[in-house]
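# Chain and residue survey
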Number of protein chains: 2
Amino acid sequence: MAISNKVRGFMEQGSWIRKMFEEGIALKQEYGEENVFDLSLGNPVMEPPQRFYEELKKISENPKNGMHRYMPNAGLFETRKAVAEGLLQETGIPFTAGNIIMTCGAGGALNVVMKTLLDPGQEFVIFAPFFVEYNFYADNHGGSCRVVPPDENFLPNMEALRTAINAKTKGVLINSPNNPSGVVYGAETLSKICEIIKDKEEEFGTEIYLISDEPYRKIIFDDLKYSYIFGYHPRTIVATSHSKDLALPGERIGYVAVNPYCPDSEELLDGLVFCNRTLGFVNAPALAQYLVAHLQTTTIDVGVYERKRNYLFKKLTGMGYSLVKPQGAFYMFPKSPIDDDIQFTEELKRNKVLVVPGSGFGLPGHFRISYCLDDSTIEGSFSGLEKAIAKYR
Amino acid sequence: MAISNKVRGFMEQGSWIRKMFEEGIALKQEYGEENVFDLSLGNPVMEPPQRFYEELKKISENPKNGMHRYMPNAGLFETRKAVAEGLLQETGIPFTAGNIIMTCGAGGALNVVMKTLLDPGQEFVIFAPFFVEYNFYADNHGGSCRVVPPDENFLPNMEALRTAINAKTKGVLINSPNNPSGVVYGAETLSKICEIIKDKEEEFGTEIYLISDEPYRKIIFDDLKYSYIFGYHPRTIVATSHSKDLALPGERIGYVAVNPYCPDSEELLDGLVFCNRTLGFVNAPALAQYLVAHLQTTTIDVGVYERKRNYLFKKLTGMGYSLVKPQGAFYMFPKSPIDDDIQFTEELKRNKVLVVPGSGFGLPGHFRISYCLDDSTIEGSFSGLEKAIAKYR
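Throughout this document, residue positions are counted from 1 along each chain, in the order its sequence is written. As a convention, the first chain written is A and the first ligand written is 1, with the rest following in written order. Local features are withheld for residues below a pLDDT of 70 in this predicted model, meaning they are given only at 70 or higher, and side-chain atom pairs are given and counted only at 80 or more; totals for whole chains, interfaces and linings count all residues.

## Observations concerning the confidence of the model for chain A
A score from 0 to 100, pLDDT tells how confident the predictor is in each residue. In the predicted model, chain A carries a mean pLDDT of 96, and 100% of its residues have values of at least 70. For this predicted complex, the interface confidence score (ipTM) comes to 0.97, while the overall pTM stands at 0.97.

This is the structure:
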């Protein structure tokens, strides 16, 4: 009985995901990597932009004294300033370095935010389909998540949101563009969510934070303009990373941005810095901070993802899959042709295509396809996708 | 009432440390940086070894495809293999990559270890003087720390250790070379600690882990050979970083090493990987992992620290300070000439010397001097150190 009972329990609950993952590896070993089409991972095959390599070269050729030392737990001033200036430019809201805390990716950012906000038994409201780690993050800090189901088009069911918020609600967590659905929340959706939050704050006499997990913010299509949350509610916090927009997921670099108009923001920022330190992150990695300080207006080529989206969407609808056309991120979330998404995922696997069942995102009856992949992998999957739906047609 | 009550409480408890820190900044602003001698921080002024810069240059000149992507949560195989080979060479114990998990520094490593092991209400035994963050780390994961006082020479009081271990004890956490005392545990001390652990495991029918927090392992003097814990107890885990031995504290790169002879080690390693992921670390930063893979036999020039230790020790004893001669790390922990270490620290501050009172390490009546600093800072502090002790002589 080596480890914590709770951790053991979580691992057992998640063992079907692990089993799927291991079966995928076995499949690749049996049939060869090139004959198995793995659309299950959100690990971009795209490389970081050229500017990233240029900045890395500059650092390696002109190292500065002290650049690898401890720094303030909030991060390097020059990086926080660059992030703030980027946000100011995009939103017109007067961000300064003082509103920014650099973090170890969005996963680190969300843990720091939740630890800072949660007292035991408090809740975050999340929206299905959701990134399954949210549940672990809230639990890490003595809280839990309450799930709001979606409308047909994966936008929040607002009546369900009204019911979900209660006296224990500390925050509402959105994720737009959404993993796994690719849906992007527009101004109307944000406005409606915040109206409900305000009503509920009054009803319960509480303070409810709106947290936006937005690592896919810059990966949006169809000339959409991203709707920032800051104008809709004063208690707003962004938790994000450069994992996707700069294709740096392994470097663990992201940030928390607190709305300059947030009440009590001094205490909130102090708390975030304290939790960044005491959770053991201490500070975001220094090298990555130096690099992204110069890359705030740089993004990977989003057109590549848009082209892949168009291609895959056309193919899938052509085959008869029912799905909402995603406007961001690099996932699609089709309906499973049969109710049991895990069974359908198994059928796809028999056809050498690996995807993740919707059950892994709190929304059974669907499955997630990732398309941040080489075209050859995407194209290779078509035959299996076709055969699997044909079986149930 | 923005933030968690618990976090607010912790921040208020620690507010005297913050107050000291802020007063130090104010002092520097008033008298000029060069006239205030800050011996309070463990932030090495030494730069990383030349080999580090060579490796960084190699990476920037020959970037590999995929090197900034997600990776297994345990870390890069080549880095884990290099760490394992280094440990095998030093200890003769058959480490493999499978025993190693790369982490965001030792702070990340300790949080991952504690989360993996602790069930609510369980305890870690720690030894005063100790790194004050241990209390926060244990609390993060529903546990707490029980403190064993030292003998005269800052080695554990073994009778107190016997009393401290109880049915709720999940682990015993040591830190050698010690921050703040610089004391290094020899074979005899480790052997005695593990004998007591074994007795207590039998008495309570429990399993007790010995965790060694050893970021200063390679910074030892007087031709000492480091005593590794692995031979003394099967359930042993090392949590460490390259913050000090490669002078990379800002890069957040460290690892957990599990004794290959540890029972249930497969479940333990699975648990550690799961917690590394779900605490939001996901993986240690990729760039730093590539770099340290080639630096496992490289260390900053330890002779520099040994020379500083010799110089400072001679000076302090000459002034009449009573202290144990440290054999590692880069701190000294003299007795305060008066019982009230906070008052004495204030007196030093009036003389433009900043140090940390022993109360910040769970051992009042002492104060910590850091000497990982320029000689000019160390030498500049002598006059203030002399005046302060003279006042109470």
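Structure shown, so let's carry the discussion forward.
## Considerations on the packing of helix 4 (residues 77-91) of chain B against helix 10 (residues 286-293) of chain B
Residues and elements named next belong to chain B. An axis is simply a line fitted to the C-alpha atoms; with a helix, the fit covers only the stretch in contact. Between two such axes, the angle follows the N-to-C directions and lies from 0 to 180 degrees. A helix here means a DSSP run of H or I that spans at least four residues, while a strand means a run of E at least two residues long, and both kinds are numbered starting from the N terminus. The N-to-C vectors of helix 4 and helix 10 enclose an angle of 40°; their axes lie 9 Å apart at closest approach. By the angle class used here, helix 4 and helix 10 are oblique. For the pair helix 4 and helix 10, the crossing hand works out as left-handed. For the pair helix 4 and helix 10, contact is made by E78, T79 and A82 and by Q289, V292 and A293, respectively. Working definition: roughly parallel below 35 degrees, roughly antiparallel above 145 degrees, roughly perpendicular at 65 to 115 degrees, and oblique for all remaining angles. We call a crossing left-handed when the near helix sits turned anticlockwise from the far one by less than a right angle, and right-handed when that turn is clockwise. Note on contacts: each residue gets a C-beta atom placed from the backbone, and two residues are in contact if those atoms are within 7 Å.

## Observations concerning unusual backbone geometry
In this model, S176 of chain A is joined to P177 of chain A through a cis peptide bond whose omega is -10°. For P177 of chain A, the position within the fold is in the loop between strand 5 (169-174) and helix 8 (187-204). A positive phi angle, close to 70°, is found at V282 of chain A, a residue other than glycine. Tracing the sequence through the fold places V282 of chain A in the loop between helix 9 (265-278) and helix 10 (286-292). Buried, partly exposed and exposed are defined by the number of other C-beta atoms within 10 Å of a residue's own C-beta, namely 20 or more, between the two limits, and 12 or fewer respectively, with C-beta atoms placed from the backbone. For V282 of chain A, a count of 24 C-beta atoms within 10 Å translates into the label buried. Backbone geometry at A329 of chain B places phi at a positive 60°, although glycine is not the residue there.

## Brief notes about helix 5 (residues 105-117) of chain B
Expected span of a helix, by definition, is 1.5 Å for each gap between consecutive residues, and there is one gap fewer than residues. The first and last C-alpha atoms of helix 5 of chain B sit 19 Å apart over 13 residues, in line with the 18 Å expected at 1.5 Å per residue. In terms of burial, helix 5 of chain B is a largely internal element, 13 of the 13 residues being buried.

## Comments concerning the sheet that holds strand 9 (residues 331-332) of chain A
Residues and elements named next belong to chain A. Read from one edge of the open sheet, three strands run 9-12-11, paired in antiparallel fashion. At either margin of the open sheet sits one strand with a lone partner, and together these are strand 9 and strand 11 (356-357). Paired strands, in this sense, are two strands between which DSSP finds at least two bridges. Summarising the sheet, strand 11 and strand 12 (residues 367-370) pair through two bridges and their orientation is antiparallel. Each bridged residue has a counterpart across the sheet, and for V356 the counterpart in strand 12 is R368.

## Things to note about helix 11 (residues 302-319) of chain A
Residues and elements named next belong to chain A. With 18 residues, helix 11 ought to run about 26 Å at 1.5 Å a step, and its terminal C-alpha atoms sit 26 Å apart, in line with that. Those residues of helix 11 that fall on the buried side of the exposure criterion are Y305, R309, L312 and L316. Projected onto a plane normal to the axis of helix 11, the buried residues spread over an arc of 85° and lie on a single side. In this structure, helix 11 carries G303, K314 and G318 as exposed residues pointing more than 90 degrees from its buried face. In the stretch just after helix 11, G320 is the one whose phi turns positive, near 105°. The arc in question is the one traced by the directions running from the helix axis out to the C-beta atoms.

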